Amino acid sequence: MAQEDVFKKIVSHCKEYGFVFPSSEIYDGLAAVYDYGQNGVELKNNIKEYWWKSMVLLHSNIVGIDASIFMHPTVWKASGHVDAFNDPLIDNRDSKKRYRADVLIEDQIAKYDEKIQKEVAKASKKFGEAFDEVKFRETNPRVLEHQQKRDALHARYTQAMQGPDLEGLKQIILDEGIADPISGTKNWTDVRQFNLMFSTEVGSTADGASRIYLRPETAQGIFVNYLNVQKTGRMKLPFGIAQIGKAFRNEIVARQFVFRMREFEQMEMQFFCKPGTEMEWFEYWKQHRMAWHKALGMGNDNYRFHDHEKLAHYANAATDIEFNMPFGFKEVEGIHSRTNYDLSQHEKFSGRQIKYFDPDTNESYTPFDVETSIGVDRMFLSVMCHSYTEEDLGNGSSRVVLRLPEALAPVKCAVLPLVNKDGLPEKAQEIADQLKFHFNTHIEVKDSIGKRYRRQDAIGTPFCVTVDGDTLKDNRVTLRSRDTMEQERVDVSSLRSIIEDRVSITSLLKKLQ
Ligand code: ATP
């Protein structure tokens, strides 16, 4: 099946099984805004719990906060967002569609990379064991030609983005013959800058009203509270502040489901350290964050780092953690060494001293900061994409199963009376009432047992417990595992420990130690 079709199926599965709905759907939805349904919210909460505990519980020098979405407007002047949080946009006059000029060019660079990759794969197949990839890349004329075009384009693009030189960006699009994927034409407007922040007004009278922004990142709430937390928590460097919260960006192109939304959620941690030690911490957090992802068991080959060549003005190192989505490797998390830029800017704009007094050296200085920033929704999407599986069971039957990491599954256990009579529903309820204190347990009585198993598979429930006539006599049930579909007979009293061991967030956290 084409990857595009897989993605479409995942999107409709999310809706059909109560994970994600288009926002205000009865009014035909609102572009790039989504609501999480009864199963989606549980999965999302589990992701957040895993992240929060991995930061705040496992690190004695990291604490959390919950800052407001609205902030003093000068925050965004100081951070540079008012002047520089822009994307270059371009419209196609025929399709009337809007694009990010930088994304069109980056896609073109990726096309050259794909061409090179195809040549390499073809030759590797042809020569087998004897294939020397390095030599092939250095000598094959077709590869060399693509590489040279790719590098020239990349250099031109990097330079144009630095200005930014908007005319230069347009010229690249024209020179490369980039066409609109919808209309197929090259009838482009000029490139314009577009600020991604949403603004609104506070205050009731025209005179008293002032313009404020919906935060485009949660990070600034941490920077403006650095002193509060450091002083009241008596924190010593190095220490971190973690936060989970909503962020808003008026994205130009928002056509990839929850991957790019206008309202989304971030989990960010700013780690403050002594100047000169930031690269050490940058490395530490790179490795630690990658381990967090890999502990979920979604395939080590599905992750890679993408180091930034072009750094934001405030950063001295940056990398993304990318996940292999059905539409290619895409950024899920950013790790940035932000230097002392943000704290210094707030010091300048607020006129307050924002420093750290180091009792070891008797000096005062502005701490450096390493940030880890992950989008909850992108993380959610990577989990759904990895987990969605259509399985052929032989004998003409098949099933759709969400192979979710067990600790993230919305429902951990479904208790199913074999028939809806003879005292079985009551027994099932009694079992569910014991388990519900420890993990999310559902009870389902309607339909055939086969249909109920399929429904639980489709929402990724790791365990089903079936109550039958014998249960009333021997207090034993059938425990069915989602992935293997194997069934075993176990005592009701052992259910909690068997299941809890596998599905708790603690089991994941222990892998990080
Ligand atoms: P991109 O280049 O894809 O626009 P970014 O580099 O601007 O992303 P950051 O500013 O580093 O993203 O934000 C940190 C994280 O927040 C990203 O790794 C991503 O997971 C998430 N994120 C950013 N923008 C969005 C969005 N519009 N919708 C959903 N998640 C987002």
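Up top is the structure these notes are about.
Heads up: these notes are all about the structure in this document. (Residues numbered from 1 in each chain as written. Predicted model: local features only at pLDDT ≥ 70, side-chain atom pairs only at ≥ 80, totals over all residues. Heavy atoms only, no water.)

## Here we look at the site of the ligand
Working step 1: Around the ligand, the structure places 16 residues, and the nearest of them are Glu251, Arg260, Met261, Glu331 and Val332.
Working step 2: Separating a nitrogen atom of the ligand from a backbone N or O atom of Phe259 is a distance of 3.4 Å.
Working step 3: Separating an oxygen atom of the ligand from a backbone N or O atom of Gly375 is a distance of 3.0 Å.
Working step 4: When the ligand is considered free in solution it has 590 Å² of accessible area, and contact with the protein chains removes 84% of it.
Working step 5: At the level of secondary structure, the elements contributing two or more residues to the shell around the ligand comprise strand E10 (263-273), strand E13 (328-339) and strand E16 (368-375).
Working step 6: Residue contributions to the shell around the ligand peak at five residues, all from E13.
Working step 7: Its residues placed into classes, the shell around the ligand shows four nonpolar, five polar and seven charged. (Near = heavy atom within 4 Å. Polar contact = N/O pair within 3.5 Å; in protein donor to acceptor, adjacent residues only side chain to side chain. Areas by Shrake-Rupley, 256 points an atom, 1.4 Å probe, with all protein chains shown as cover. Helix = DSSP H or I, 4+ residues; strand = E, 2+ residues; numbered from the N terminus. Nonpolar A, V, L, I, M, F, W, Y, C, P; charged D, E, K, R; others polar.)

## Re the sheet that holds strand E22 (residues 476-481)
Working step 1: Taken in spatial order, the five strands of this open sheet run E20-E19-E21-E22-E23, and their pairing is mixed. At either end of the open sheet lies a strand with only one pairing partner, and these are strand E20 (441-443) and strand E23 (487-491). Between one strand and the next, the sheet's axes are offset by a mean angle of 30 degrees, whatever the strand orientation.
Working step 2: Note: strand E19 (residues 413-417) against strand E21 (residues 463-467), five bridges, orientation parallel. Looking at E21, one finds that Cys413 is bridged to Phe463. (Pairing = 2+ DSSP bridges. Axes fitted to C-alpha atoms, helices over the stretch in contact; angles between N-to-C directions.)

## Re unusual backbone geometry
Working step 1: Residue Pro238 follows Leu237 across a cis peptide bond; omega there is -5 degrees.
Working step 2: Following the sequence through the fold, Pro238 ends up in the loop between helix H10 (226-232) and strand E9 (239-248).
Working step 3: You will see that Ser24, though not glycine, has its phi angle at about 45 degrees, which is positive.
Working step 4: Along the polypeptide, Ser24 turns up in the loop between strand E1 (20-22) and strand E2 (34-36).
Working step 5: Residue classification places Ser24 among the partly exposed positions, given a relative accessible area of 34%.
Working step 6: Of note in the backbone geometry, Asn362 takes a positive phi value of approximately 60 degrees without being a glycine.
Working step 7: Positionally, Asn362 belongs in the loop between strand E14 (356-358) and strand E15 (363-365).
Working step 8: What makes Asn362 exposed here is its relative accessible area of 59%. (Buried < 20%, exposed > 50% of the residue type's maximum accessible area, 1.4 Å probe, protein only.)

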